[in-house]
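# Tertiary structure, described
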Amino acid sequence: MTRPVVVWFKRDLRVFDHAPLRRAVENGPILPLYVIEPDYWQQPYASGRQWQFLKDSLLALDHALTRLGQPLWIAQGPIDQVLNQLHSRFDFSQIWSHQETGPDWTFQRDRLVKDWCQSHGVHWQECRQHGVVRGLAGRRKWATQWQALMDEPCIDAPERVIGVGLPDTPAIRCLETSPVAPEPSTRVQPGGLEEGMKLLDSFLTERGRSYRGGMSSPLTAEQVCSRLSAHFSVGSVSLRNAWQASESARISYKAQPTDARFAASLKSFGSRLHWHCHFMQKLESEPRLEWEPVHRGFIGLRDKTPDRAGRLERLTLGQTGWPFVDACLRSLAQTGWLNFRMRAMLVAIASYHLWLDWVDTAPIFARWFTDFEAGIHFSQMQMQAGVTGINANRIYNPIKQSEDQDPDGQFIRRWLPELEAVPAPWIHQPWKLPKSKQRALGCEVGVHYPEPVGDPVQLAREARARLKAWMAERDLKPEAMRVLTTHGSQLRQKRPRYGKKTTSSQLQLEL
Ligand SMILES: Cc1cc2nc3c(=O)[nH]c(=O)nc-3n(C[C@H](O)[C@H](O)[C@H](O)COP(=O)(O)OP(=O)(O)OC[C@H]3O[C@@H](n4cnc5c(N)ncnc54)[C@H](O)[C@@H]3O)c2cc1C
């Protein structure tokens, strides 16, 4: 038999718009491979919900490949051992995969694979799948390159593939044992290509109509947001496919005056697809962002204070005593998803009011997110924690957010059943309800629901003062300029925004 070509599936679990698969098919019979790497699943950001979603996506990929004529091979173990075994059996001389921008663990693993390929005379070819540019010198032309990649036609799936034959163990059996602690009680969204395409379709035909107005409140966001993030994260939906479908829908809605709102919503959606890659580029350019503030002047800002364990625990359990915050935390812990604004609020509360170091909270939030995407995650954690040095710091008032985003307390009651009987005006601050009334309602603060962790206004004031003192003692501007030049969007570099007020959509991009 001709030597097969390995297609190494990583975070690109689909057959449509998959350049490595297409190219491999042109070069010989294929061995489509996914490797479960136990050591990855021991990393602090990996979780059972991510595994669950990945597992669905792998089964769907196996079905798709089987329909094309060659089922997926799933191996388990350290990558070099897996490659050694397969190489001695198949003597392959090529590996095709997509480039990956992940946490440092994946970067080191890829280095190992590169060395392995060199020492075994195997040619490893990597294709781009996102707008991330490897070895980028500066951001000046980045947006143009992103656009060019998104405008290239999507790559059709091969009609049929010739492969190495059936794997020793079918995919479903390889996926029986979880490499990470399972989370049976969570309501994680289902994965897989079909699920992803259904979401894209319903978003572009109906759900996305109110995206712009409905994305901020957790009451509406679940329905009006695309919910595609986890699919982009494992690659079951191609970002380029989503961009092209969204652009074509936007143009047709724009032509109808009655659909102007839908068109505007899809414009916002399109911007976010751009941000997806914009944030991943940061980690690609500076992998240390996983553990260090992008602005080095903020290293050590939040000391490991001795009483932090208690605050960390209240955050982790959703027991801060601020109902809206706890509802968001518990909803995230149960479902694995939360809208952008509420994610930003939670990280700001953790970083300012509770004065917890983002380095400690980043893995906790990452494990909660089914859609964990390292480049977006670590950059957003830093932005919301105020350690980038070039963004306006946003210190949310949890009570105001509660009154604005959940005026009747519907979301709070859904996630905090112990507050079910508390009437609307008090639900945002139940500790203000007279004790006799609390007893009558069967919900006593301090008994059935925790006392608040503090006065949010006072805690915010203290955080602001600490930050101000820190900044006054240092010259932070030169490093801020470096951050801006390395990572700032073209637009931002032209118009630096020191000290100016930001709009909510700028808050998401702003670097
Ligand atoms: C602290 C923090 C951590 C985050 N961690 C992640 C993460 O690990 N993975 C992740 O995919 N998103 C992350 N986000 C960004 C954002 O909250 C999610 O992408 C979004 O809520 C996912 O829901 P959706 O797919 O319905 O998004 P939609 O609103 O429908 O947006 C479509 C897509 O655009 C991208 N996107 C949306 N908002 C942003 C943004 N602000 N920055 C970059 N890309 C964006 C995502 O790929 C998303 O799927 C984080 C935000 C914050 C504040």
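All residue numbers refer to position in the chain's written sequence, counted from 1. At least 70 in pLDDT is required for a residue's local features to be given in this predicted model, at least 80 for side-chain atom pairs to be given and counted, and no such filter applies to totals for whole chains, interfaces and linings, which use all residues. Computation of side-chain values: all heavy atoms of the structure, hydrogens and water removed.

A few words now on the overall build of the protein chain. Only DSSP runs of H or I covering at least 4 residues are called helices, and only runs of E covering at least 2 are called strands; the numbering of each starts at the N terminus. Scanning the protein chain for helices and strands turns up 25 helices and 5 strands. Computed over C-alpha atoms, the radius of gyration of the protein chain comes to 24 Å, within 12% of the 24 Å expected from 2.2 N^0.38 for 511 residues, which places it in the range of a compact globule. Over its C-alpha atoms, taken along the principal directions, the protein chain stretches across nearly 80 × 55 × 50 Å. To sort residues, take the accessible area from a 1.4 Å probe on protein chains only and compare it with the maximum for the residue type: under 20% means buried, over 50% means exposed, and anything in between is partly exposed. Out of the 511 residues in the protein chain, the part that is buried amounts to 56%. Note on definitions: a residue-residue contact is assigned when non-hydrogen atoms from the two residues lie within 4.5 Å. Across the protein chain, every contact between residues at least 6 apart in sequence was considered, and the portion connecting residues at least 24 apart equals 78%. Note on areas: these come from Shrake-Rupley sampling with a 1.4 Å probe, and a residue is covered only by the protein chains present in the view. When the accessible surface of the protein chain is summed, it comes to about 22000 Å², and 53% of that surface belongs to carbon and sulfur atoms. None of His or the chain ends enter the tally, which takes Lys and Arg as positive and Asp and Glu as negative. Here the site of a charge means atom NZ of a Lys, CZ of an Arg, CG of an Asp or CD of a Glu. Considering the protein chain, the positive charge centre built from 65 side chains and the negative charge centre built from 54 side chains are found 7 Å apart. In this treatment the radius of gyration is a C-alpha quantity, and the globule benchmark scales as 2.2 Å times the residue count to the 0.38 power.

The start and end points of each domain follow an automatic or database-based domain assignment. For the protein chain, the domain assignment lists domain 1 (5-129), domain 2 (193-285) and domain 3 (290-509). Relative to domain 3, the C-alpha centre of domain 2 lies at a distance of 25 Å. On the side of domain 3, 27 residues touch domain 2, which itself brings 22 residues to the contact. Both faces combined, the contact of domain 2 with domain 3 buries some 2200 Å², and carbon together with sulfur accounts for 64% of it. Per-residue buried area on domain 2 facing domain 3 is highest for P218, L219 and F279; these three make up 29% of the total on that side. When a carboxyl oxygen of Asp or Glu lies within 4 Å of a side-chain nitrogen of Lys or Arg, that pair is called a salt bridge. At the boundary of domain 2 and domain 3, one finds 1 salt bridge. Notably, a salt bridge pairs R414 with E222, separated by 3.7 Å at the nearest N-O pair. If you list the elements that add at least two residues to the side of domain 2 that touches domain 3, you get α9 (218-224), α10 (229-234) and α12 (260-285). It is α12 that contributes the most residues to the side of domain 2 that touches domain 3, 9 residues altogether. Residues are grouped as follows: nonpolar covers Ala, Val, Leu, Ile, Met, Phe, Trp, Tyr, Cys and Pro; charged covers Asp, Glu, Lys and Arg; every other residue, Gly included, is treated as polar. Of the residues assigned to the side of domain 2 that touches domain 3, the class counts are 11 nonpolar, 7 polar and 4 charged. Buried area adds together the accessible area that both of two parts lose upon being put together, with accessible area traced by a 1.4 Å probe.

Attention now moves to helix α5 (residues 142-151). Taken as a whole, α5 has its buried residues at W142, W146, L149 and M150. Down the axis, α5 shows its buried residues gathered within 95 degrees of arc, on one side only. Looking at the buried side of α5, the elements it contacts are α11 (239-254) and α12. Note that the arc is defined by the directions from the helix axis to the C-beta atoms.

Moving on, we get to the pattern of salt bridges. Within this structure, the stated rule accounts for 30 salt bridges. Residue E37 pairs with R109 through a salt bridge whose shortest N-O separation is 2.7 Å. Of this pair, E37 sits in the loop between β2 (30-36) and α2 (48-68) while R109 sits in helix α4 (residues 104-120), and the two are 72 residues apart along the sequence. Two residues, R49 and E183, come together in a salt bridge whose shortest N-O distance is 2.9 Å. Here R49, found in helix α2, pairs with E183, found in the loop between α6 (171-174) and α7 (193-205); they are 134 residues apart in sequence, far enough to count as distant. Using a relative accessible area of 27% as the deciding quantity, one classes E183 as partly exposed. Look at the salt bridges and you will find they share partners, linking E286, R288, E292, R296, E479 and R482 into a network.

Glancing now at the sheet that holds strand β5 (residues 123-127). Here the rule is simple: two strands pair whenever DSSP picks up at least two bridges between them. Here 5 strands make up an open sheet; going across it, the order is β3-β2-β1-β4-β5 and the pairing parallel. Looking at strand neighbours, the two that pair on one side only are β3 (73-76) and β5, the edges of this open sheet. Across this sheet, the average inter-strand angle for adjacent strands is 30 degrees, counted without regard to direction. Relative to β3, β2 runs parallel, the two being bridged by 4 bridges. Among the inter-strand pairings, I36 is bridged to a residue of β3, identified as Q76. The strands touched by α2 within the sheet are β1 (5-9) and β2, with β2 carrying the most contacts at an inclination of about 170 degrees. Interaxial angles span 0 to 180 degrees and are taken between N-to-C directions of axes, which are lines fitted to C-alpha atoms, for helices over the stretch in contact. Sitting on the sheet, α4 touches β1, β4 (94-98) and β5, and the angle it makes with β5 is about 140 degrees.

What follows is about the packing of aromatic side chains. Pairing of aromatic side chains here covers Phe, Tyr and the six-membered ring of Trp, requires ring centres within 6.5 Å, and sorts the geometry by plane angle: under 30 degrees stacked, over 60 edge-to-face, intermediate tilted. For the coordinates displayed, the defined rule picks out 17 aromatic pairs. Ring centres of W8 and W124 lie 5.7 Å apart, and the angle between their planes is 45 degrees; on these two criteria the pair is classed as tilted. You can see W8 sitting in strand β1 and its partner W124 sitting in strand β5, a full 116 residues away along the chain. No difference in accessibility class separates W8 from W124, as the two residues are buried. Ring geometry for F372 and F378: centres 6.0 Å apart, planes at 85 degrees, overall edge-to-face.

Let us now look at the pairing of β1. Judged by how many residues are buried, β1 sits mostly within the fold: 5 of 5 residues are covered. Of the two faces of β1, the one carrying V5, V7 and F9 and the one carrying V6 and W8 are both buried. Assignment of crossover handedness uses the view with strands pointing away from the viewer, where a clockwise path from the first strand over the helix to the second indicates a right-handed crossover. Taken together, β1, helix α1 (residues 19-27) and β2 constitute a β-α-β crossover, and its handedness is right-handed. Judged from the 4 bridges that link them, β1 and β4 form a sheet pairing that is parallel. In the strand pairing of β4, W8 is matched with S97.

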